[in-house]
Amino acid sequence: MFKLLTRIAFVSFFSLFTTSLFAITKNDVKVIRVIDGDTFIISDNLNHIRMANIDAPEKKQTYGYQSYLVLKDKLEGRVVTLDILSKDKYGRLISNVYINGESINEYMVSKGAAWVYKYYCKDERLYALEYKSKINKIGLWASDKPLPPWIYRSQNK
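Residues numbered from 1 in each chain as written. Predicted model: local features only at pLDDT ≥ 70, side-chain atom pairs only at ≥ 80, totals over all residues. Heavy atoms only, no water.

Description of the side chain of Lys 74
Locating Lys 74 in the fold gives a position in helix α2 (residues 64-75). Residue classification places Lys 74 among the buried positions, given a relative accessible area of 16%. The residues touching Lys 74, leaving out its near neighbours within four places in the chain, are Ile 99, Glu 102, Ile 104 and Tyr 107. (Helix = DSSP H or I, 4+ residues; strand = E, 2+ residues; numbered from the N terminus. Buried < 20%, exposed > 50% of the residue type's maximum accessible area, 1.4 Å probe, protein only. Contact = heavy atoms within 4.5 Å.)

Section: the side chain of Ser 103
In this structure, Ser 103 sits in strand β7 (residues 102-103). Looking at Ser 103, its side chain comes within polar contact range of the main-chain nitrogen of Asn 105, at 3.5 Å. Beyond its immediate sequence surroundings of up to four residues, Ser 103 is in contact with Val 97 and Tyr 98. (Polar contact = N/O pair within 3.5 Å; in protein donor to acceptor, adjacent residues only side chain to side chain.)

A short note on the environment of Ile 35
Mapped onto the elements, Ile 35 comes out in strand β1 (residues 24-36). Exposure remark for Ile 35: the relative accessible area of 22% places this residue in the partly exposed category. On a C-alpha basis, the gap between Ile 35 and Glu 76 in space is 9.9 Å, while along the polypeptide they are 41 residues apart. Apart from residues lying up to four places away in sequence, Ile 35 is in contact with Phe 40, Ile 41, His 48, Lys 59 and Tyr 68.

Comments concerning the pairing of strand β5 (residues 79-87)
Bridge count between β1 and β5: five bridges; the pairing is antiparallel. Considered in β5, the bridge of Thr 25 is made with Asp 83. (Pairing = 2+ DSSP bridges.)

Details of the pattern of salt bridges
Tallied over the full model, the rule gives eleven salt bridges. The residue Arg 50 makes a salt bridge to Asp 38 at a minimum N-O spacing of 3.5 Å. Residue Arg 50 is found in strand β3 (residues 48-51), and its partner Asp 38 is found in the loop between β1 and β2 (39-42); the two are separated by twelve residues along the sequence. Each member of the pair, Arg 50 as well as Asp 38, carries the same accessibility label: buried. Arg 153 is paired through a salt bridge with Asp 55; the nearest N and O atoms lie 2.7 Å apart. Separated by 98 residues along the polypeptide, Arg 153 in helix α5 (residues 149-155) and Asp 55 in strand β4 (residues 54-55) bring together distant segments of the chain. By relative accessible area, which is 1% here, Asp 55 ends up buried. Taken together, the shared-partner salt bridges in this structure form one network comprising Asp 38, Arg 50, Asp 55, Glu 58 and Arg 153. (Salt bridge = Lys/Arg side-chain N within 4 Å of Asp/Glu carboxyl O.)

A short note on the pairing of β3
Pairing of β2 with β3 involves three bridges; the strand directions are antiparallel. Residue pairing for β3: Phe 40 is matched across the bridge by Ile 49. Linkage of β2 to β3, two consecutive antiparallel strands, is achieved through a turn of five residues, within which Asn 45 is found at a positive phi near 60°. Direction of pairing for β3 relative to strand β6 (residues 93-99): parallel, over a ladder of three bridges. Bridging across to β6, Ile 49 finds its partner in Leu 93.

Shown next as structure tokens:
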């Protein structure tokens, strides 16, 4: 009986800890460096942030450097709010990012600077923004055949 109660207590504590870890909103953290079109570093413990539900072209890929510049111009040196959803296998915090209530994840898709990351995204607004960018040939969609970054990465391992 004692072992069962100990296990229940441990599972309850662990569930509470992991739920609270990934339901965190961090207000007023400063972006100190943009790495690429969907990843940056914040001043709070130098955490790497990977933007949720989007995938930007790699820097060496067509439109990759432009995507990086779009995010750099929007974020670097600015104070943001993070809605942290999880942590990836590289230790980066997966997050929705906001400046004064504006979704930067949505901004990147609307500017044609990132794809919706279809493997993970369930946010219909992002799909609508991507469709609008695509039909208007904005950003990476101005190219005849833009190559999704997940395909580019698999071809360039």
